[in-house]
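Spelled out from the first residue to the last, the chains are:
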Amino acid sequence: MSARMKGKVALVTGAAMGLGAAAAHALAREGAAVLLTDVADEAADAVVREIRSAGGQAAFAHHDVTSDADWDAAVERARAEFGALHVLVNNAGIAGGGMPIVGHDLGEWRRILSINLDGVFLGLRAAGRLIADSGGGSVINVSSILGKVGLAEAAAYCASKGGVLQLTKAAALEWAPLGIRVNSIHPGFIETPMLAESLRDRPDANEMREMLILAHPLGRLGVPAEIADAILFLASDESRFMTGAELVVDGGYLAR
Ligand SMILES: NC(=O)c1ccc[n+]([C@@H]2O[C@H](COP(=O)([O-])OP(=O)(O)OC[C@H]3O[C@@H](n4cnc5c(N)ncnc54)[C@H](O)[C@@H]3O)[C@@H](O)[C@H]2O)c1
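Note that residues are indexed from 1 along each chain, following the sequence as it is written. With pLDDT at 70 or above as the cut-off, local features in this predicted model cover only qualifying residues; side-chain atom pairs require 80 or more to be listed or tallied, and sums for whole chains, interfaces and linings still use all residues. The basis for the side-chain values is all heavy atoms of the structure; hydrogens and waters are excluded.

Regarding helix 2 (residues 41-53)
What counts, and what does not: Runs of H or I in DSSP of at least four residues are treated as helices and runs of E of at least two as strands, each being numbered from the N terminus. How far a helix is expected to stretch is found by multiplying one less than its residue total by 1.5 Å. We call two residues in contact when some of their heavy atoms are within 4.5 Å.
Taking 1.5 Å as the rise per residue, helix 2 with 13 residues should run 18 Å; its terminal C-alpha atoms sit 18 Å apart, in good agreement. Buried residues belonging to helix 2 abut helix 1 (18-29), strand 2 (33-38) and strand 3 (57-62). Two residues or fewer past helix 2, Gly-55 is found with a positive phi of approximately 95°.

Regarding the side chain of His-186
Test applied: Within 3.5 Å is the distance limit for a polar contact, defined as a pair of N or O atoms, with the added protein rule that one can donate a hydrogen and the other accept it, and that residues adjacent in sequence qualify only through two side-chain atoms.
As for its placement among the helices and strands, His-186 is situated in strand 6 (residues 180-187). Separated by 2.9 Å, the side chain of His-186 and the backbone oxygen of Ser-144 make a polar contact. When sequence neighbours within four positions are dropped, the list of residues in contact with His-186 reads Ser-143, Ser-144, Ile-145, Lys-148, Leu-165, Glu-246, Leu-247, Val-248, Val-249 and Asp-250.

Some points on the sheet that holds strand 2
Inclusion rule: Paired strands, as defined in this entry, are two strands with at least two bridges between them according to DSSP. The axes are straight lines fitted to the C-alpha atoms, using for helices just the contacting stretch, and the angles between their N-to-C directions are given from 0 to 180°.
Taken in spatial order, the seven strands line up as 3-2-1-4-5-6-7 in an open sheet, and their pairing is parallel. On the outer flanks of this sheet lie strand 3 and strand 7 (246-249), each paired with one strand and no other. Neighbour-to-neighbour, the strand axes of the sheet open up by a mean angle of 20°, direction not taken into account. Both strand 6 and strand 7 contribute to a ladder of four bridges, which runs parallel. By the bridge assignment for strand 7, Ser-184 is matched with Glu-246. Relative to the sheet, helix 2 contacts strand 2 and strand 3, its axis offset from that of strand 3 by approximately 170°. Its contacts with the sheet place helix 5 (residues 155-175) against strand 5 (137-142), strand 6 and strand 7, and it is angled at close to 160° to strand 6.

Some thoughts on the pairing of strand 4 (residues 87-90)
Each regular strand displays side chains that alternate between the two surfaces of the sheet. Definition in use: Exposure categories follow from relative accessible area, calculated using a 1.4 Å probe and restricted to protein chains: below 20% of the type maximum is buried, above 50% is exposed, and the middle band is partly exposed. If the strands point away from the viewer and the path from the first strand over the helix to the second runs clockwise, then the crossover is right-handed.
Covered by surrounding structure in strand 4 are Val-87 and Val-89 together with Leu-88 and Asn-90, the residues of both alternating faces. The pairing of strand 1 (residues 9-13) with strand 4 spans three bridges and is classified as parallel. Across the sheet, Ala-10 pairs through a bridge with Val-87, a residue of strand 4. Here strand 4 runs beside strand 5; their pairing, made up of four bridges, is parallel. Within the sheet, the bridge partner assigned to Val-89 lies in strand 5 and is Ile-140. At this point the chain moves from strand 4, through helix 4 (residues 106-133), to the parallel strand 5, and the crossover so formed is right-handed.

Here is the structure:
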């Protein structure tokens, strides 16, 4: 363990697997006390155990990011368990691809917006005061390359992630005087359970994967640790002059 995050308390949503679990591992490895939250209790508990057995400090709270009451409870848990909150990683999200606009189910549209966008707003609203009272800190909102460019049949996902980008900028301006930095991160396609699930039921899964790889000039998909490293950078003082920024980590996808 090293100590880039020593003395800091972090809350990571959607931390049971994928990018959230990798971010929680990275923050704990660098000395932060991490509250992992998710709706997938067993998987999140397993990540907490891994972090602890590696010598890190971690706890878990069941938390649906669409629930205001769950947000209040999670923030209170961070305060009660670790005494402060300096870093919030708004990571929980769902994909819900493959839906043409004509015929798109309104309930599904609302579900995607509610988790991916409302969840980030509720998180900012619930955690802002404690982060300010803790002396300021860093919020990292996980958007996507699809918050910056479109993808056919993914209108709700693109709209939600574009919303996260703009919400981030508004929050960055509002909270700069409080010493709270707010940045968005825009991963390319990363090997996580979300991606595996998106491809699983497609008859053309292999061709799709090849197409996705070709869309990344570095010639491969990303792995969660590569996004976790960027989240760690935004969480740490190394990014102390960054706020309202869009950190793209995408193997060159957006460079074309
Ligand atoms: N994997 C990619 O290619 C990729 C690319 C760009 C952005 N992202 C974004 O990164 C974030 C993490 O994605 P991932 O690939 O690790 O996904 P994942 O599906 O592997 O993990 C997401 C986690 O969020 C949790 N979650 C889902 N709904 C929730 C809710 N209502 N409340 C709390 N937790 C909830 C899930 O239980 C799961 O543990 C998402 O916001 C996603 O949109 C992913």
